[in-house]
Amino acid sequence: MGGEVHLNPAVTIAMTLTLRLRPWRGLLYVVAQLVGSLAGAALVLGLTGDISPTVNQIAPGVQVYQAVVLESLVTFQLVLVVLATAHLMPSHPSLPVLASLLVGLAVSLGHLQAATGGQS
């Protein structure tokens, strides 16, 4: 399970805690992901001179605790989908295509929920 792409440190930590990834490799992945995010922000700053597009901001009218709860739920949902599809992967040879679709839908759902503030 170590060669697949991990979307963010939360997925990497979950894969490490569920013993699908060795701890040392998990630590290296998280460090690489954090360095990559800093490099991306530096690139945006260098190209545009403005760092604000890379900074997450809470929408007006949303309390900090609401944003933290929503972000936690969206991250939990993403990690749950990644772990579920990774668990089923060896037993179903046609699952890689479906797994990619499911993870993409989970990311899309998370973005939609975060963008609307979880309102239905």
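If you're wondering where the values come from, they're calculated on a predicted model, not measured in any experiment. (Residues numbered from 1 in each chain as written. Predicted model: local features only at pLDDT ≥ 70, side-chain atom pairs only at ≥ 80, totals over all residues. Heavy atoms only, no water.)

Draft legend 1. Region of the structure containing the overall build of the chain. The helix and strand tally for the chain stands at 4 helices and 0 strands. For the chain, the succession of helices and strands along the chain, N to C, is α-α-α-α. With 120 residues in all, the chain has 21% of them scored as buried. If you take every contact in the chain between residues at least 6 apart in sequence, the share linking residues at least 24 apart comes to 49%. Put simply, the chain shows about 8500 Å² of open surface, and 70% of that area lies on carbon and sulfur atoms. (Helix = DSSP H or I, 4+ residues; strand = E, 2+ residues; numbered from the N terminus. Buried < 20%, exposed > 50% of the residue type's maximum accessible area, 1.4 Å probe, protein only. Contact = heavy atoms within 4.5 Å. Areas by Shrake-Rupley, 256 points an atom, 1.4 Å probe, with all protein chains shown as cover.)

Draft legend 2. Focus on the nonpolar core. Listed in full, the 11 residues of the largest apolar core are V11, A14, M15, L21, L78, V79, V82, L83, A86, V103 and A106. Of all the elements in the fold, those that place two or more residues in this core are α1 (9-17), α3 (64-88) and α4 (95-116). Ranked by residues supplied to this core, first place goes to α3 with 5 residues. Non-local contacts of V103, meaning those with residues more than four positions away in its chain, are made with L7, L78, V81, V82 and T85. (Core = buried A, V, L, I, M, F, W, Y, C linked by side-chain atoms within 4.5 Å.)

Draft legend 3. Main features of α1. What α1 keeps buried is the set V11, T12, A14, M15 and T16. Capping the start of α1, N8 holds a side-chain oxygen 3.1 Å from the backbone nitrogen of A10, two or three residues further along. (Polar contact = N/O pair within 3.5 Å; in protein donor to acceptor, adjacent residues only side chain to side chain.)

Draft legend 4. Quick look at α4. With 22 residues, α4 ought to run about 32 Å at 1.5 Å a step, and its terminal C-alpha atoms sit 31 Å apart, in line with that. Among all positions of α4, only L95, A99, V103, A106 and G110 are buried. The buried side chains of α4 occupy one side of the element, clustering within an arc of 75° when seen end-on. Exposed and oriented more than 90 degrees from the buried face of α4 are V97, S100, H111, L112 and A115. (Expected span 1.5 Å × (residues − 1). Arc of directions from axis to C-beta.)

Draft legend 5. Fine view of a nonpolar patch on the surface. Residues W24, L27, L28, V31 and V35 make up a contiguous nonpolar surface patch of roughly 520 Å² in combined accessible area. Structurally, the position occupied by V35 is in helix α2 (residues 23-48). (Patch = residues over 30% accessible without salt bridge, like charges linked within 9 Å, V, L, I, M, F, W, Y side chains within 5 Å. Salt bridge = Lys/Arg side-chain N within 4 Å of Asp/Glu carboxyl O.)

Draft legend 6. Examining the environment of E71 more closely. Counting through the fold element by element, E71 comes out in helix α3. In this structure E71 comes out as partly exposed when scored by relative accessible area, which is 47%. Sequence spacing of E71 and A114 is 43 residues, and the spatial spacing of their C-alpha atoms is 7.2 Å.

Draft legend 7. A look at the packing of α1 against α2. For the pair α1 and α2, the least separation of the axes is 9 Å and the interaxial angle reads 175°. Classed by the angle they form, the pair α1 and α2 counts as roughly antiparallel. Across from P9, T12, I13 and T16 in α1, the residues of α2 making contact are P23, G26, Y29, V30, Q33 and L34. Per-class residue counts for the contact of α1 with α2 are 6 nonpolar, 4 polar and no charged. (Axes fitted to C-alpha atoms, helices over the stretch in contact; angles between N-to-C directions. Parallel < 35°, antiparallel > 145°, perpendicular 65-115°, else oblique. Nonpolar A, V, L, I, M, F, W, Y, C, P; charged D, E, K, R; others polar.)

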